[in-house]
Amino acid sequence: SNSKMDARKFYAMGRYASSFGEDLKWYNFYKVEGDQDRFANIDYRILPSVGVGYWFADEEDFKVMIELAVGIEYTEYRDNTESKTEAVLIPRGYFEKKLLDNLKISEDIILYPSLGDIGEYRLKSETSLVNSLSETMSLKVSFVDEFNSNPGGSTKKNDYRLVSSIIYTF
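Residues numbered from 1 in each chain as written. Predicted model: local features only at pLDDT ≥ 70, side-chain atom pairs only at ≥ 80, totals over all residues. Heavy atoms only, no water.

Asker: Can you tell me about the nonpolar core, naming the residues and giving the values?
Answerer: One broad trend across soluble globular proteins is that nonpolar side chains are buried collectively. In this structure, Tyr27, Phe29, Leu47, Trp55, Met65, Ala69, Val88, Ile90, Tyr94, Ile110 and Tyr112 together form the largest nonpolar core, which totals 11 residues. Where this core is concerned, the elements lending two or more residues are β2 (26-37), β3 (42-58), β4 (62-77), β5 (84-98) and β6 (103-113). What Trp55 contacts, discounting residues up to four positions off in sequence, is Lys25, Tyr27, Lys63, Val64 and Met65. (Core = buried A, V, L, I, M, F, W, Y, C linked by side-chain atoms within 4.5 Å. Buried < 20%, exposed > 50% of the residue type's maximum accessible area, 1.4 Å probe, protein only. Helix = DSSP H or I, 4+ residues; strand = E, 2+ residues; numbered from the N terminus. Contact = heavy atoms within 4.5 Å.)

Asker: Could you give an account of the sheet that holds β6, with specific residues and numbers?
Answerer: Backbone-to-backbone hydrogen bonds pair the strands of a sheet. The strands run either parallel or antiparallel. Pairing within the open sheet is antiparallel, and its nine strands lie in the order β1-β2-β3-β4-β5-β6-β7-β8-β9. The sheet terminates laterally at β1 (9-20) and β9 (158-168), the two strands that pair on one side only. Looking at each pair of strands side by side, their axes are set apart by 20° on average, direction ignored. One ladder, built from seven bridges, connects β5 with β6; its direction is antiparallel. Note that in β6 the partner of Arg92 across the bridge is Ile110. (Pairing = 2+ DSSP bridges. Axes fitted to C-alpha atoms, helices over the stretch in contact; angles between N-to-C directions.)

Asker: Pulling in residues and values, what's your account of the environment of Met137?
Answerer: Mapped onto the elements, Met137 comes out in strand β8 (residues 137-148). Taking the relative accessible area as the measure of exposure, Met137 reaches 30% and is therefore partly exposed. Spatially, the C-alpha atoms of Met137 and Glu86 are 39 Å apart, while their sequence positions differ by 51 residues. If near-sequence neighbours (up to four positions away) are discounted, Met137 is found in contact with Ser132, Ile166, Ile167 and Tyr168.

Encoded structure:
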């Protein structure tokens, strides 16, 4: 904004999940997240986690699930701030509803409360509209709100983004 860069953020995630139980509504998963946020003073953050989830509804036109994971979060800062390693609990909720033939709305909320520092947490909320263009291609527009209860320095607690993307499913 104002001809000056005010955001540079990267995020990557790898995940493996396996369903179990008689009706296969339960699943366990293993996940590794990594991110970098130049303006929040985060050189990199790595978060491996393991957890369990349950699908309340998993139909083509309506989906609802919750999950709970535990992980170890390692954060390396860009300045002289000491690196931090802490255990985190990761509850997540997901909802998706078909609105029209090719249009769906979804909400994905993930909480990252620290188990070592009560009252310190991060929250990520992503509200999306997804329009299917074909069986394998979709157009997605998302509003993302990331909140950090203790961002450090002069960093704001909330970070808002509007993201448009093309999705290829295989």
